[in-house]
Amino acid sequence: MIESLNSPHVARVKALIGSRGVKERKAAGQFVAEGLQCAREALTSHSGPKIETLYVTANGLAKIKEIADLSAFNVVDVSDEVMKEMSETITPQGILAVCTIPQVTLDSIQLNSSRRFIYLSEVQDPGNAGTILRSADAFAMDAVITSPGSVDMYSPKVVRSTAGSLWHIPVFESVALGEVLAMGINAFSLGAAGSMNLSQYQMSGDTLAVFGNEARGLSTGQNVDSIDVVSIPMPGNAESLNLSAAASIVMYHLSNMRP
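Quick summary incoming for the structure in this document. (Residues numbered from 1 in each chain as written. Predicted model: local features only at pLDDT ≥ 70, side-chain atom pairs only at ≥ 80, totals over all residues. Heavy atoms only, no water.)

F31, I118, I145, M153 and L208 are the most contacted members of the largest nonpolar core, which totals 63 residues. With six residues, the single largest contributor to this core is helix α9 (residues 243-256). When residues no more than four places from it in sequence are discounted, the contact partners of M153 are A129, L133, V144, T146, V158, V159, V171 and E173. Judged by nonpolar contacts, the second largest core, of 14 residues, contains Y55, V76, V78 and V98. (Core = buried A, V, L, I, M, F, W, Y, C linked by side-chain atoms within 4.5 Å. Buried < 20%, exposed > 50% of the residue type's maximum accessible area, 1.4 Å probe, protein only. Helix = DSSP H or I, 4+ residues; strand = E, 2+ residues; numbered from the N terminus. Contact = heavy atoms within 4.5 Å.)

Moving on to the sheet that holds strand β4 (residues 95-100). Strands sit in the order β1-β4-β2-β3 across an open sheet of four strands; the sheet is mixed. Edge positions in the sheet fall to β1 (30-34) and β3 (75-77), since each of these pairs with one other strand and no more. Mean inter-strand twist for the sheet, computed between neighbouring axes without regard to direction, equals 20°. Inspection of the sheet shows β1 paired to β4 by five bridges, in the antiparallel sense. When the sheet's bridge partners are listed, E34 is paired in β4 with L96. (Pairing = 2+ DSSP bridges. Axes fitted to C-alpha atoms, helices over the stretch in contact; angles between N-to-C directions.)

As a further point, take the packing of helix α6 (residues 126-138) against α9. The geometry of α6 relative to α9 is characterised by a closest axis approach of 9 Å and an angle of 15° between their N-to-C directions. On the basis of the axis angle, α6 is roughly parallel to α9. The crossing of α6 and α9 is right-handed. Across the interface between the two elements, N128, T131, I132, S135 and A136 of α6 pack against L243, S244, A247, S248 and M251 of α9. Here the residues of the contact of α6 with α9 are counted per class, giving five nonpolar, five polar and no charged. (Parallel < 35°, antiparallel > 145°, perpendicular 65-115°, else oblique. Left-handed = near helix turned anticlockwise from the far one by under 90°. Nonpolar A, V, L, I, M, F, W, Y, C, P; charged D, E, K, R; others polar.)

When the terminal C-alpha atoms of α6 are compared, their 18 Å separation across 13 residues agrees well with the 18 Å that a helix rising 1.5 Å per residue should span. Regarding α6, the residues found buried are N128, A129, G130, I132, L133, S135 and A136. For α6, the elements touching its buried residues are β5 (116-120), β6 (143-146), α7 (156-161), β7 (171-172) and α9. The backbone nitrogen of G127 has a side-chain oxygen 3.1 Å away, supplied by the residue at the start of α6, namely D125. Backbone geometry just downstream of α6 places A140 in the positive-phi region, at approximately 60°. (Expected span 1.5 Å × (residues − 1). Polar contact = N/O pair within 3.5 Å; in protein donor to acceptor, adjacent residues only side chain to side chain.)

Here we take up the packing of aromatic side chains. Tallied over the entire structure, the rule returns four aromatic pairs. On the basis of an interplanar angle of 45° and a centroid distance of 6.1 Å, the ring pair of F31 and W167 is categorised as tilted. Placement of F31 in strand β1 and of W167 in the loop between α7 and β7 is noted, with a sequence separation of 136 residues between them. Three or more aromatic residues joined by ring pairs form one cluster here, namely F31, Y154 and W167. (Phe/Tyr/Trp six-rings, centres within 6.5 Å; stacked < 30°, edge-to-face > 60°.)

Any functional reading would require information beyond the geometric quantities listed.
Right under this line is the structure:
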């Protein structure tokens, strides 16, 4: 059991979640997933990121061994104090995994005229990004794609916000919108001044729903001129919707049109 707060294991985890975490994660090809929900998906899913090392306290081990056979995984026992030092949460659940970041490219996407994709253009709020990915999983979207300048989808806050859905849906990071459009995918964006109501939008072929930055919307330099703009009707008094709420409504609409 690891009991020293000066252990290299502690330093490794803290580097992946610290202020330089983005660079560390990219260099190492690893990220940290904390808590029972993420660990359960990582242990039982046949797709998504793989566990490299699973750190558990005695209580954490009791919880997780009821879910999966741990014999095939590198499990490291740590004290409660060490887990607290590793953790970003106020009350750690005693389970923390270092996972590998999948190495995927757009070439792996197979189009079939009925695929549904989500594109996040310079979306920077971790909670929004994680919640959108979670909704994309719930509504059976085929992938989430992010632009350069978007939040790191493997940051601790994003990973927690996905509630385990990161293991169910492919993520493609730092892809220019033009690259996606060049694949022949039909795209539309969401905006208050949309030329049509969302309920009127009819899909034809593989489709990409584009969501812009929380404050600025879509940049005019990102091939957006040729994209239809769709609006969500709001008969109530609120002036706008949170980005993740609006994205969920759009994805629900897309899921209902899936053949």
